[in-house]
Amino acid sequence: MRILWRLYGYSSRLLKTKLFRTAASNTSFPEVWLLLVQYFERVPGFFWVVQRNSFFTMPEILENKADIELYSPHPEVRGMTTLDRAAFKRTIVVPVLKVKKEVINKLLKSFKHTTLQRPGLKRVIDDPKDEDSRLVLLDPHKISAEYSLGESEQEILKQFSIDPQVSKYNLELTYDNFKTEEILRAVLPEGQDVTSGFTRIGHIAHLNLRDHQIPYKHLIGQVIIDKNPGVTCSVNKINIIDNTYRNFQMEVLAGEANMITKTRENYITYEFDFSKVYWNSRLSTEHGRIIELLKPGDVLFDVFAGVGPFAIPAAKKKCSVFANDLNPESYKWLLHNCKLNKVDKKIKNFNMDGRDFLLGPVKEELTKELSLLTKERKNTLHIVMNLPALAIEFLDVFKHFLDGKPCSTDLLPTVHCYSFSKHDNPAKDVQERAEAFLGTSLEGRCSTHLVRNVAPNKEMMCISFQIPAEVLFKKQCTQEGKLKSNAGNFRVFQLYTLSQIILEKKRLHLTDLKLEFSLSYGADSSLI
């Protein structure tokens, strides 16, 4: 179970340390599965299952050593810190096929896996010696060392009456023809990690550069912009998220310094100032997972709402939503996004501390909802607490949270609380910490979900549970219990008063003390 639980995290780390050594976020899925397949080939019975599920249909991502050597920019770019695009020019020898221009399109359909595929490079070029013919650039790795085509390719050429003779051609590659990783691998010191991955938020590319990459940061930022259409700004995070508002300082590496961006997630549009609010595109799947749990008419309390990735989709699903965030900027953009998505009339928004929000609007609404709910009324109550660094510490708020008689277990509110864990068993760790703040066991009453691997040995988890009735509701005392409690309190008062008299009357004889206490307070003198 433990192995399965951490499988994704381990495979991601393996990808980073043994393969590209990148922090790629938008291209990691195929590589992860490729590594998993290579590993599980050694497990009896697993190879057949992998084949059956067509994991091998994914395109090959890895380039071999020959690819790297053939498609490397000019060696003189090594150590470059200011981007000079002209310095990347390089001439390589590639095979070409001479073809009459009237059959070019038909041939390309049959030869699409044999032609040369490079960024910004045309597969067909003019033949300087023959106006009626064109030269088709072929992939050197698909042609034998003798520059001869295979039997299947020759059969295709015969159909179109094309001479199978392959010639050599000096092809000039420029900066535009190299991939991001090829450029950075050529520039950074040999053996150093190459960062070609990033998180995209609208027109902004967000990178997390390592220390050894800092001298090349502006070059890296510009390459990312050049190679990704629509990206006009690249930024690097320069500190961790350690403040109250969950945003972080960032440095513009290249491009425009416009931090107000617009992005889409799960068919919803969000707009915000990325430098002043918290947004993580890697949580898109998790946002969708929680929304899938809701049905029309349910009530959602979003304690740390940010700019609305839980609240707005829930409102779109016709749920009743209460959304809160302490950060004034997040609150401003939350209101803006509610209007942008036409749900501003369906969400009640608050700008409060999370604890105050729970003790105020949430408590008030829960009291009202639970007084109305019956077994026939099936709408459910959900409380989302997405502040992984601290949210679990807010759970003590729910201890004896409500007055009144405990309701049906089916109607108790469900909490979805997020937390980080560096434990070997993150699910157990998060459950135990949640139990400590609630003051009760959640064994058999909760579920834990691995959200994502944040860093080596650090997982983001979500624990979901219905708040136990014995935690949520204040304990009800009987009339007899209250009387006993009052009598006990009076007896304590008597003993306290007696001790005061003893201190003041140290020199009195014990008999006189008993008499004075009895006459003054009507109490049993045997208490002395």
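What you see as residue numbers is a count from 1 along each chain, following the sequence as written. Residues qualify for local features only when their pLDDT is at least 70, as the model is predicted, and side-chain atom pairs are given and counted only at 80 or more; totals for whole chains, interfaces and linings, by contrast, use all residues. Heavy atoms from the whole structure form the basis of all side-chain values; hydrogens and water molecules are not counted.

*Asks:* Give me the lowdown on the confidence of the model for the protein, citing residues and values where you can.
*Replies:* pLDDT expresses, on a scale from 0 to 100, how confident the predictor is about each individual residue. Of all residues in the protein, 73% attain a pLDDT of 70 or more, and the chain-wide mean is 80. Every residue pair with non-hydrogen atoms within 4.5 Å of one another is taken to be in contact. Low confidence marks residues 1-6, where pLDDT is under 50. Its contacts with residues over four positions away, or in another chain, come to 13 contacts. Here residues 477-490 scores under 50 on pLDDT; set against residues more than four positions off or in separate chains, the count is 1 contact.

*Asks:* Let's hear about the UniProt feature "binding site: S-adenosyl-L-methionine" (unreviewed entry) in the protein: which residues, and what values?
*Replies:* UniProt positions are given in the numbering used here, feature names are shortened, and annotations may be inferred rather than shown by experiment. Within this structure's numbering, the places UniProt gives as "binding site: S-adenosyl-L-methionine" (unreviewed entry) are His-287, Asp-325, Leu-326, Asp-353, Gly-354 and Asn-386. Of the annotated residues named above, the ones that line the largest cavity are His-287 and Asn-386. Mapped onto the secondary structure, His-287 falls in helix α10 (residues 284-293). With residues near it in sequence (within four places) discarded, His-287 still touches Glu-265, Asn-266, Pro-309 and Phe-310. As defined here, a cavity is a set of points on a 1 Å grid over the protein atoms alone where a 1.4 Å probe fits but cannot get out. A pocket is an open set with protein on both sides within 12 Å along at least five of seven lines, and residues line them when an atom is within 4 Å of a point. Numbering of helices and strands runs from the N terminus, with a helix taken as a DSSP run of H or I at least four residues long and a strand as a DSSP run of E at least two residues long.

*Asks:* Outline helix α13 (residues 354-372), listing residues and values.
*Replies:* The first and last C-alpha atoms of α13 sit 25 Å apart over 19 residues, in line with the 27 Å expected at 1.5 Å per residue. Bend, in this description, refers to the angle at a residue between axes fitted to the seven residues ending there and the seven starting there. The largest bend in α13 comes to about 40°, at Val-362. Burial in α13 covers these residues: Gly-354, Phe-357, Leu-358, Pro-361, Val-362, Glu-365, Leu-366, Glu-369 and Leu-370. Against the buried residues of α13 lie β11 (299-302), β12 (320-324), β13 (347-350), β14 (381-385) and α15 (469-472). Backbone nitrogen of Arg-355 and a side-chain oxygen of the N-cap are separated by 2.9 Å at the start of α13; the cap is Asp-353. One less than the number of residues in a helix, times 1.5 Å, gives the span that helix is expected to have. The buried label applies to any residue whose accessible area, calculated with a 1.4 Å probe on protein chains only, is under 20% of its type's maximum; exposed applies above 50%, and partly exposed to all values in between. Pairs of N or O atoms are called polar contacts if they sit within 3.5 Å, as long as, within protein, a hydrogen donor faces a hydrogen acceptor (for residues adjacent in sequence, only side-chain-to-side-chain pairs).

*Asks:* Requested: an account of empty space enclosed by the protein, with residues and values cited.
*Replies:* Grid points are joined across faces, edges and corners, and a volume is the space filled by probe spheres set on the points. As enumerated under the stated definition, the model contains 1 cavity of 30 Å³ or more in all. Tyr-278, His-287, Ala-305, Pro-309 and Asn-386 are the residues nearest the centre of the largest cavity, which is lined by 14 residues in total. Gly falls in the polar group here, along with every residue not listed as nonpolar (Ala, Val, Leu, Ile, Met, Phe, Trp, Tyr, Cys, Pro) or charged (Asp, Glu, Lys, Arg). Its residues assigned to classes, the lining of the largest cavity comprises 8 nonpolar, 4 polar and 2 charged.

*Asks:* Would you mind going over helix α8 (residues 180-187) in detail, with residue names and values included?
*Replies:* Summarising burial for α8: 7 of the 8 residues are buried, a large majority. Elements that come into contact with the buried residues of α8 comprise α9 (217-227).

*Asks:* Account for the sheet that holds strand β17 (residues 458-466), with residues named and values stated.
*Replies:* At least two DSSP bridges between two strands are needed for those strands to be called paired. Read from one edge to the other, the open sheet built from 7 strands follows the order β13-β12-β11-β14-β15-β17-β16, with strand pairing classed as mixed. The open sheet terminates on both sides in strands that have one partner only, identified here as β13 and β16 (446-455). Across this sheet, the average inter-strand angle for adjacent strands is 15°, counted without regard to direction. Where β11 meets β14, 4 bridges bridge the pair, whose relative direction is parallel. The partner of Phe-301 across the bridge, within β14, is Ile-383. Lines fitted to C-alpha atoms define the axes here, with helix axes fitted over just the stretch in contact, and angles between the N-to-C directions of these axes take values from 0 to 180 degrees. Against the sheet, α13 contacts β11, β12, β13 and β14, and its axis sits at roughly 170° relative to β14.

*Asks:* Give me the pairing of strand β7 (residues 233-237): which residues, what numbers.
*Replies:* With respect to burial, β7 is a largely interior element, 4 of its 5 residues being buried. By the bridge criterion, 5 bridges tie β7 to strand β8 (residues 250-255) in an arrangement that is antiparallel. Counterpart to Asn-236 in the pairing with β8 is Glu-251.

*Asks:* Quick rundown of the nonpolar core? Include the residues and the values.
*Replies:* Each nonpolar core is a collection of buried residues, namely Ala, Val, Leu, Ile, Met, Phe, Trp, Tyr and Cys, held together in the definition by side-chain atoms within 4.5 Å. Formed by 40 residues in total, the largest nonpolar core has its most connected members in Ile-383, Met-385, Leu-395, Phe-398 and Val-415. Secondary structure elements with two or more residues in this core: β11, α13, β14, β15 (414-421), α14 (426-438), β17 and α15. Filtering out sequence-adjacent residues up to four positions away, Ile-383 remains in contact with Phe-301, Val-303, Leu-358, Val-362, Leu-366, Phe-398, Pro-413, Thr-414, Val-415, His-416 and Ile-467.

*Asks:* An account of the sheet that holds strand β3 (residues 133-137) is needed here, citing residue identities and associated values.
*Replies:* Strand order in the open sheet made by the 4 strands is β2-β3-β1-β4, with antiparallel pairing throughout. Edge positions in the sheet fall to β2 (124-126) and β4 (166-173), since each of these pairs with one other strand and no more. Neighbour-to-neighbour, the strand axes of this sheet turn through a mean angle of 45°, independent of strand direction. Here β2 pairs with β3 via 3 bridges, running antiparallel. When the bridges of β3 are listed, Val-124 appears paired with Val-136.

*Asks:* Could you give an account of unusual backbone geometry, with specific residues and numbers?
*Replies:* You will see that Asn-266, though not glycine, has its phi angle at about 50°, which is positive. Residue classification places Asn-266 among the partly exposed positions, given a relative accessible area of 39%. One non-glycine residue, Asn-457, lies in positive phi territory at about 65°. Residue classification places Asn-457 among the partly exposed positions, given a relative accessible area of 44%.

*Asks:* Describe in detail the pairing of β16, supporting the description with residues and values.
*Replies:* Sheet faces and side chains relate simply in a regular strand, where the side chains alternate between the two faces. Relative to β17, β16 runs antiparallel, the two sharing 8 bridges. The partner of Ser-447 across the bridge, within β17, is Ser-464. Here β16 hands over to β17 after 2 residues, with Asn-457 in that stretch at a positive phi of 65°.

*Asks:* Give a description of the side chain of Asp-325 that names residues and reports values.
*Replies:* Examined against the element boundaries, Asp-325 turns out to sit in the loop between β12 and α12 (328-340). Asp-325 gets classed as buried once you look at its relative accessible area, which sits at 7%. At 2.8 Å, the side chain of Asp-325 forms a polar contact with the backbone nitrogen of Gly-306.

*Asks:* Run through the pattern of salt bridges, naming residues and quoting values.
*Replies:* A side-chain nitrogen of Lys or Arg and a carboxyl oxygen of Asp or Glu constitute a salt bridge if their distance falls within 4 Å. Here the structure, examined in full by the defined rule, presents 16 salt bridges. For Glu-286, the salt bridge goes to Arg-289, with nearest N and O atoms at 2.8 Å. Here Glu-286 pairs with Arg-289, and both are found in helix α10, just 3 residues apart, close to one helical turn. Judged by its relative accessible area of 5%, Glu-286 is buried.

*Asks:* Explain the environment of Thr-174 to me, and be specific about the residues and the numbers.
*Replies:* Mapped onto the fold, Thr-174 is located in the loop between β4 and α8. Taking the relative accessible area as the measure of exposure, Thr-174 reaches 22% and is therefore partly exposed. With 89 residues separating them along the chain, Thr-174 and Arg-85 place their C-alpha atoms 7.9 Å apart.

*Asks:* Before we move on, can you summarise a positive patch on the surface with the specific residues and values?
*Replies:* Residues qualify for a patch when their relative accessible area is over 30% and they have no salt bridge, like charges being joined within 9 Å and the nonpolar side chains of Val, Leu, Ile, Met, Phe, Trp and Tyr within 5 Å. All accessible areas in this document rest on Shrake-Rupley with a 1.4 Å probe, and a residue is counted as covered only by the protein chains that are shown. Within this scheme the basic residues Lys and Arg register as positive and the acidic residues Asp and Glu register as negative, but His and the chain ends are omitted. Think of each charge as sitting on NZ of Lys, CZ of Arg, CG of Asp or CD of Glu. Side chains of Lys-316, Lys-318, Lys-342 and Lys-346 sit close together on the surface and give a patch of like positive charge. Position of Lys-342 among the secondary structure elements: in the loop between α12 and β13.

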